[in-house]
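Summary of the model geometry
Chain by chain, the residues run as shown.
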There are 2 protein chains.
Amino acid sequence: MLVMTPGPIAVDHRVIAAMNRPAITHQSRAFGEVLDHVLAMLKDLFRTTSWVTVLPGSGRLGLEAALVSVVERGDRTVHLVNGTFASWAVEIARRAGAEPTVVEGPWGGPVDLRAVAQAVERVRPKVVAMVHSETSTGARYDLQEVAEICRRHDALFLVDVISSVGCMPFAMDAWEVDLAVCTSNKGLGSLIGLSLVAVSPRAYEAMDRRRTVCQSYALDLKRWKDQFFGKPFPRAYPVVPSTHLVYALQEACRQVLEEGLEARWARHARHAEATRRAVEAAGLELFPRRDLAGNCVTAVRVPEGLDEGEIVRGMEDQGVLISGSMAGPTKGKLFRLSHQGVQASEEMLIPTLAALERTLRGLGYRVAPGTMVAAFEEALAEA
Amino acid sequence: MLVMTPGPIAVDHRVIAAMNRPAITHQSRAFGEVLDHVLAMLKDLFRTTSWVTVLPGSGRLGLEAALVSVVERGDRTVHLVNGTFASWAVEIARRAGAEPTVVEGPWGGPVDLRAVAQAVERVRPKVVAMVHSETSTGARYDLQEVAEICRRHDALFLVDVISSVGCMPFAMDAWEVDLAVCTSNKGLGSLIGLSLVAVSPRAYEAMDRRRTVCQSYALDLKRWKDQFFGKPFPRAYPVVPSTHLVYALQEACRQVLEEGLEARWARHARHAEATRRAVEAAGLELFPRRDLAGNCVTAVRVPEGLDEGEIVRGMEDQGVLISGSMAGPTKGKLFRLSHQGVQASEEMLIPTLAALERTLRGLGYRVAPGTMVAAFEEALAEA
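Notes on the structure in this doc start here. (Residues numbered from 1 in each chain as written. Chains lettered and ligands numbered in written order. Predicted model: local features only at pLDDT ≥ 70, side-chain atom pairs only at ≥ 80, totals over all residues. Heavy atoms only, no water.)

**Topic: the relation of the copies chain A and chain B**
- Superposing chain A onto chain B takes a rotation of 180 degrees plus a shift of 0.0 Å along the axis, which leaves an RMSD of 0.0 Å. Considering both components of the superposition, the chain copies are consistent with a two-fold axis.
- When you check the interface residues of chain A against chain B, 100% turn up at the interface there too, and the contact is symmetric in its surfaces. (Least-squares fit on C-alpha atoms with pLDDT ≥ 70 in both. Contact = heavy atoms within 4.5 Å.)

**Concerning the pairing of strand E5 (residues 127–131) of chain A**
Residues and elements named next belong to chain A.
- Most of E5 is tucked away, with 5 of its 5 residues classed as buried.
- Residues of E5 alternate between two faces, with Val 127, Ala 129 and Val 131 on one and Val 128 and Met 130 on the opposite face, all of them buried.
- Pairing of strand E3 (residues 76–81) with E5 involves 3 bridges; the strand directions are parallel. Residue pairing across strands places Thr 77 opposite Val 127, the latter belonging to E5.
- Judged from the 5 bridges that link them, E5 and strand E8 (residues 156–160) form a sheet pairing that is parallel. Looking at the pairing, Val 127 lines up with Leu 156 of E8. (Buried < 20%, exposed > 50% of the residue type's maximum accessible area, 1.4 Å probe, protein only. Helix = DSSP H or I, 4+ residues; strand = E, 2+ residues; numbered from the N terminus. Pairing = 2+ DSSP bridges.)

**What about the nonpolar core?**
- Among the nonpolar cores identified, the biggest contains 287 residues, and Phe46(A) and Phe46(B) are the most heavily contacted of them.
- Once you skip the residues sitting within four places of it in the chain, Phe46(B) turns out to touch Val52(B), Val161(B), Val165(B), Phe170(B), Ala171(B), Met172(B), Ala180(B), Cys182(B), Leu196(B) and Ala198(B). (Core = buried A, V, L, I, M, F, W, Y, C linked by side-chain atoms within 4.5 Å.)

**A closer look at the pattern of salt bridges**
Residues and elements named next belong to chain A.
- Tallied over the entire structure, the rule returns 52 salt bridges over all chains.
- Residue Glu 258 pairs with Arg 14 through a salt bridge whose shortest N-O separation is 3.2 Å. Of this pair, Glu 258 sits in helix H9 (residues 243–259) while Arg 14 sits in helix H1 (residues 13–17), placing them 244 residues apart in sequence.
- For Glu 258, a relative accessible area of 54% corresponds to the exposed category.
- Residue Asp 142 is joined to Arg 140 by a salt bridge in which the shortest nitrogen-to-oxygen separation is 4.0 Å.
- A network of salt bridges, in which partner residues are shared, links Glu 273, Arg 276, Arg 277, Glu 280, Arg 290 and Glu 382. (Salt bridge = Lys/Arg side-chain N within 4 Å of Asp/Glu carboxyl O.)

**Quick notes on the environment of Ala374(A)**
- For Ala374(A), the location among the structural elements is in helix H13 (residues 371–382).
- Between the C-alpha atom of Ala374(A) and that of Leu55(A), which follows or precedes it by 319 residues, the distance is 43 Å.

**A closer look at helix H10 (residues 261–281) of chain A**
Residues and elements named next belong to chain A.
- For H10, which comprises 21 residues, the first-to-last C-alpha distance of 30 Å matches the rise-based estimate of 30 Å (1.5 Å per residue) to within 8%.
- Of the positions making up H10, those classed as buried are Leu 261, Arg 264, Trp 265, Arg 267, His 268, His 271, Ala 272, Ala 274, Thr 275, Arg 276, Ala 278 and Val 279.
- On the buried face of H10, the contacting elements are helix H2 (29–46), H9, strand E11 (297–301), strand E13 (334–338), helix H12 (346–362) and H13.
- Gly 283 sits one or two residues past H10 and shows a positive phi near 80 degrees. (Expected span 1.5 Å × (residues − 1).)

**Focus: the interface of chain A and chain B**
- At the junction of the two partners, chain A supplies 51 residues and chain B supplies 51 residues.
- For the pair chain A and chain B, the summed buried surface comes to about 4,000 Å²; carbon and sulfur atoms form 63% of the total.
- Taken as a group, Arg60(A), Arg95(A) and Tyr217(A) account for 20% of the area that chain A buries against chain B, more than any other trio of residues on that side.
- Counting the contacts that link chain A with chain B gives 2 salt bridges.
- Between Asp220(B) and Arg95(A) there is a salt bridge, with its nearest N and O atoms 2.9 Å apart.
- Summed over the shared surface of chain A and chain B, the result is 22 residue pairs in polar contact (both at pLDDT 80 or more).
- Looking at the side of chain A that touches chain B, the elements that each hand over two or more residues are helix H3 (59–70), helix H4 (84–95) and H9 of chain A.
- Broken down by class, the residue content of the side of chain A that touches chain B amounts to 29 nonpolar, 14 polar and 8 charged. (Buried area = accessible area lost by both parts, 1.4 Å probe. Polar contact = N/O pair within 3.5 Å; in protein donor to acceptor, adjacent residues only side chain to side chain. Nonpolar A, V, L, I, M, F, W, Y, C, P; charged D, E, K, R; others polar.)

**Side note on the environment of Val342(A)**
- You can see Val342(A) is positioned in the loop between E13 and H12.
- Sequence spacing of Val342(A) and Gly189(A) is 153 residues, and the spatial spacing of their C-alpha atoms is 7.4 Å.

**Topic: the packing of aromatic side chains**
All names here are of chain A.
- Counted according to the given criterion, the structure contains 22 aromatic pairs over all chains.
- Grouping aromatic residues by their ring pairs yields a cluster made of Trp 51, Trp 224, Phe 228, Phe 229 and Tyr 237.
- Directly above the aromatic system of Trp 51 lies the positively charged group of Lys 43, at a separation of 4.2 Å from the ring centroid.
- The positively charged end of Arg 223 is found above the aromatic ring belonging to Tyr 217, 4.1 Å away from the centroid. (Phe/Tyr/Trp six-rings, centres within 6.5 Å; stacked < 30°, edge-to-face > 60°. Lys NZ or Arg CZ within 6 Å of the ring centre and 35° of its normal.)

Without other data, these values stay purely geometric and don't point to any function.
Here's what the structure looks like:
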């Protein structure tokens, strides 16, 4: 089975093999040294000199940790929402007792920077939250202009970089991001099960200045700085991550650095563009506005007369797992091919595109045999 | 290195080997069927007909999920505190805006059932929380009398069964427990990284009756019942657990059921008693009151004139990882040998006891060579 879903993504066999070790205590020096190595590599990958926390969890749990660590009841937040993942942060903020203001844009479409600036000026939020690479629509958003708005109004800038780190240029410190929420799976190419949250000195200061204690004990990121980072062995873990998933992450980070971060970004850009060209050659339409289409996931509009579920099931019958739409405004309107990590390769994308051609033809859509694969290969040859 | 710490514990190589599979999507039918199998086995192991939720996380995260799913701001809770792990639930409740009442007893000593009954009668709490097997002191507590108090006063009964499930008799439904919080590591013998929370129909009703939405989005257990359990594929995961840790847990649960739950409880009782006898033969003192000493961990008082840290480091020099005390009233007073899962075996306990004899002698404690191992073997032969 070819796993071409946007998360969990397929991972390299070396990452799986890295877990083939006996269980160990998280408090042992041997494991502590592995984790320290991982934390150092993550700093390089996030392009930050600050700390990156490793929690058990998925993206959602990391997002909650980032938000509740800085937000108190009654605090105001502003959320840029152009997709499903952005809407999760709104729900988290609301449940935490914050007062979220949503600047909604068309899903897969652009962010209205003027509306964002106006909202931030009016609301004076503690936190502005957005998604870098919106996996639900395949769009990617520039962060720097929003960061500039945040600085001007002294708001913390929280970014969901869940699929972007490792796939697309991201530079936490240079871009003045305060809370960057990521996961071990997706762009970094490891297994699902860890939340990675990078916290800027500004965000730590905001945690220090809280009037009330964080609502969560397990997800209070301040505790990592107070109890864990830079402390001698044995250190108290604010919450214990899976030792074996840390082994897997160590191997995945090593592979990213072996390939080189810039080279990896370039590979993703090349394969994403070739996938878009293949899709367009078949007369299909990208879901996001073309200039916003990101390098992690290609989201394709379901052609007139076809059914999203039939396409996804048809692909599964051909041995390829892809994803349909998520809940919300895109429901039923798109299907998604991922090209993150090992998926961004000819070995995985060519059979995927060939299976898509067969699936679509089987459902009555007219596309000449070889169209998508030819366009893909041609685009790669040009790049 | 022999891992004899109380968590993470050493695990069987079959559990590690079960993860030697390619990555897969959590939403695929193939993975869904594995998870359903795990959930069915967990029902057997918790002795419940209700649902068991599998979250990413450790014990602490599961405890927080259980508490914040039922507790609202201003709700009252009662906590039986005789050790470190019990005190975590107090901190979680306080941060969630609840008003916790603590019934504290001597650490390693008994619960004062009269004081508990009085506190519950006075406070009328929504939740009463206690720990079944207190890993920090090596004591275990009976649940049934406290359950009876909860029923009488219509309080939910939350029990930390983090080390007990798989090691000691526990029967969620028969004992009228409402929220049972466990972890994949410890008694169940799998790797660290998953929180397992069993929820009774009464606790689900309390979630339905909340006046306010749960403060947490990721940890709201009600969402599992509303969105996941018993639903057709593909199901929406309220929060995604690690697929590979679920593979490991599947193998660990299979092993528990192969051995048989009662046989496993008996094995733990036998090896725990033999370990206690070995310790006593060397003139050492158990930390908990002897009749409360549990079958998961043996906590030993640091002999007069010796230093806890030196004993733990001395054991590490002999190739055996054990644990010292945790923060709080036991600090510096005890060291802990675990005998959970594969650790409850002659293969692992005999070299551990032999190393302990050598370590203690090296630190000037007088114990004749072979004393502990002989007492251990004699006790096992009698059992």
